[in-house]
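For reference, the chains in residue letters:
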Amino acid sequence: MQATENQPILTDTYSNVAEFNPEAGSLFVYGDGTEERALHVTRLKNENPNVVFVQIVSETPSEFSVIAESAPYFLRSQASFSKFWERAAGARKVYVDMTGLTHPVWAALLREATKLPFEVLFVYVEPNNYMRSAAPVDGQIYELSSRINGIAPLPGFAVLSAKSHVNPLFACLLGFEGTRLKHIIENIDPNYEDIVPIVGVPGFKPSYLFETFLGNRTTLAENSIWQAVLYAPAHCPFSCFYRLKDLHEESPGRAMRIALVGTKPHALGAVLFHLGDFCATELVYDHPIRKRGRTDGTERLHVYHVSAIMKSKKDQRLLTASAEEVSMT
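Here is a short report on the structure shown in this document.

## Examining the overall build of the protein chain
- For the protein chain, the count of helices and strands is nine helices and 18 strands.
- For the protein chain, the residues scored as buried account for 53% of the 329 residues in total.
- In the protein chain, once contacts between residues fewer than 6 apart in sequence are set aside, the share between residues at least 24 apart is 81%.
- Taken as a whole, the protein chain presents about 14,700 Å² of accessible surface, with 52% of it coming from carbon and sulfur.

If you want it as structure tokens, here you go:
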């Protein structure tokens, strides 16, 4: 397994939200989040008059809306995103604060933004606490989701064909909600030997490692899945990206399914891996409905330079193509 310390970690970390301000002349996209950690944008708007703020106020698995606009934007529509990103013309940088956005929306924003000629940065704020369950049961020690809408790939992203891709690797990005992981595995029904769990270590807090194992212990114990566990820092999408890339390089030619039931930064790493087009990849998501009050407080704020990792991938392709031309001559 390749050591991630030899890879670039393209993250700026601030110890609290008050230390961060977006660059003047930039565009800042954020969600209408109900959690306290998503409310830091109020300060940003007051202190940064030279930044254009765009608030997404409603989200579904197929579309989203922007405040003061009547027409929605569709997650599978290239025309919708072309219109949405017109507002970025002339911006020095584009920030997408994923803290208050759902996975289908921020993933679609990333997918389309990386095709355009501006620098894209993602922002994420860690919570201080998660809401614990008043009556914890196996696989549910925190009250994070009220229900799930159903297992489906992220909209607008590729789906694996069962005929073309037999027995793909199944990377599972683990969080606290073991019931979600169990439900996905029961429905996808992968071979147990193909399951590779990825756990956030270190977690946002030291105890979260143990609570992740506690929440997922039943599934991890089945057929000794725990023996295949890999680790990546919970706040770092790039470390998760490199873990997935390592898995691909160790099993060249195999497709990969990735279950997004862990941290948002890990999910961001999975989406970046998918966009890197290393292998046939499907992002599996159960579309949970988040509970109100599921977290409180704020901790560190991270800014992820996602354009840089995509540029690195493009440069690598150019170098590979050049090397092949030289070898042919």
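## Describing the pattern of salt bridges
- Applying the stated criterion across every chain yields a total of 14 salt bridges.
- Linking Glu 47 and Arg 43 is a salt bridge whose minimum nitrogen-to-oxygen distance equals 2.7 Å. Within this pair, Glu 47 and its partner Arg 43 are both found in helix H1 (residues 41-47), separated by four residues, close to a single helical turn.
- What emerges from the salt-bridge pattern is a single network uniting Arg 111, Glu 112 and Lys 115.

## Brief notes about the nonpolar core
- Counting 65 residues, the largest nonpolar core has Phe 64, Trp 85, Leu 109, Phe 122, Leu 244 and Ile 258 as its most contacted members.
- Considering each element in turn, this core owes the most residues, seven residues, to helix H3 (residues 103-113).
- Not counting chain neighbours up to four residues away, the residues in contact with Trp 85 comprise Leu 27, Val 29, Val 94, Val 96, Leu 109, Glu 112, Ala 113, Leu 116 and Phe 118.
- Grouped together as the second largest cluster of nonpolar side chains are 15 residues, Leu 174, Ile 195, Ile 225 and Val 261 included.

## Points about the environment of His 302
- With respect to the helices and strands, His 302 occurs in strand E18 (residues 295-304).
- Along the primary structure His 302 and Val 125 are separated by 177 residues, whereas in three dimensions their C-alpha atoms are 6.4 Å apart.
- Those residues in contact with His 302, other than ones at most four positions away along the chain, are Thr 11, Asp 12, Thr 13, Phe 122, Val 123, Tyr 124, Glu 126 and His 235.
- Side chain to side chain, His 302 and Glu 126 meet in a polar contact 2.7 Å long.

## Here's the deal with the sheet that holds strand E15 (residues 256-260)
- Read from one edge to the other, the open sheet built from six strands follows the order E11-E16-E15-E12-E13-E14, with strand pairing classed as mixed. Strand pairing shows two members of the sheet lacking a second neighbour, strand E11 (152-153) and strand E14 (230-232), which therefore form its edges.

## Remarks on helix H4 (residues 178-188)
- For H4, the full list of buried residues reads Gly 178, Arg 180, Leu 181, Ile 184 and Ile 185. All buried residues of H4 fall inside an arc of 160 degrees around its axis, so they share one side.
- Looking one or two places after H4, you find Asp 189, whose phi comes out positive at around 55 degrees.

## Some details on the packing of aromatic side chains
- Overall, the coordinates contain 20 aromatic pairs when judged by the stated rule.
- Measuring from ring centre to ring centre gives 5.4 Å for Phe 28 and Phe 53, while their planes differ by 45 degrees; the resulting arrangement is tilted. With a gap of 25 residues between them, Phe 28 in strand E2 (residues 27-31) and Phe 53 in strand E3 (residues 52-59) connect regions that are remote in the sequence. Residue Phe 28 shares its accessibility class with Phe 53, and that shared class is buried.
- Grouped by ring-pair contacts, the aromatic residues Tyr 14, Phe 20, Phe 28, Tyr 30, Phe 53 and Tyr 95 constitute a single cluster.
- It is Arg 87 that lies over the ring of Phe 84; its NZ or CZ is 4.5 Å from the centre.
- Across the ring face of Phe 157, the terminal group of Arg 111 is positioned such that the distance to the ring centre comes to 5.2 Å.

## Some points on the environment of Pro 197
- When you line up the elements, Pro 197 lands in strand E13 (residues 195-200).
- Under the relative-accessibility criterion, Pro 197 is labelled buried at 2%.
- Sequence-wise, Pro 197 and Ala 259 are 62 residues apart; in three dimensions their C-alpha atoms are separated by 9.3 Å.
- When near neighbours in sequence (up to four residues on either side) are disregarded, Pro 197 contacts Cys 172, Leu 174, Leu 220, Ile 225, Ala 228, Val 229 and Leu 230.

Reading the values: the criteria
Residues numbered from 1 in each chain as written. Predicted model: local features only at pLDDT ≥ 70, side-chain atom pairs only at ≥ 80, totals over all residues. Heavy atoms only, no water. Helix = DSSP H or I, 4+ residues; strand = E, 2+ residues; numbered from the N terminus. Buried < 20%, exposed > 50% of the residue type's maximum accessible area, 1.4 Å probe, protein only. Contact = heavy atoms within 4.5 Å. Areas by Shrake-Rupley, 256 points an atom, 1.4 Å probe, with all protein chains shown as cover. Salt bridge = Lys/Arg side-chain N within 4 Å of Asp/Glu carboxyl O. Core = buried A, V, L, I, M, F, W, Y, C linked by side-chain atoms within 4.5 Å. Polar contact = N/O pair within 3.5 Å; in protein donor to acceptor, adjacent residues only side chain to side chain. Pairing = 2+ DSSP bridges. Arc of directions from axis to C-beta. Phe/Tyr/Trp six-rings, centres within 6.5 Å; stacked < 30°, edge-to-face > 60°. Lys NZ or Arg CZ within 6 Å of the ring centre and 35° of its normal.

In short, geometric facts, not functional conclusions.
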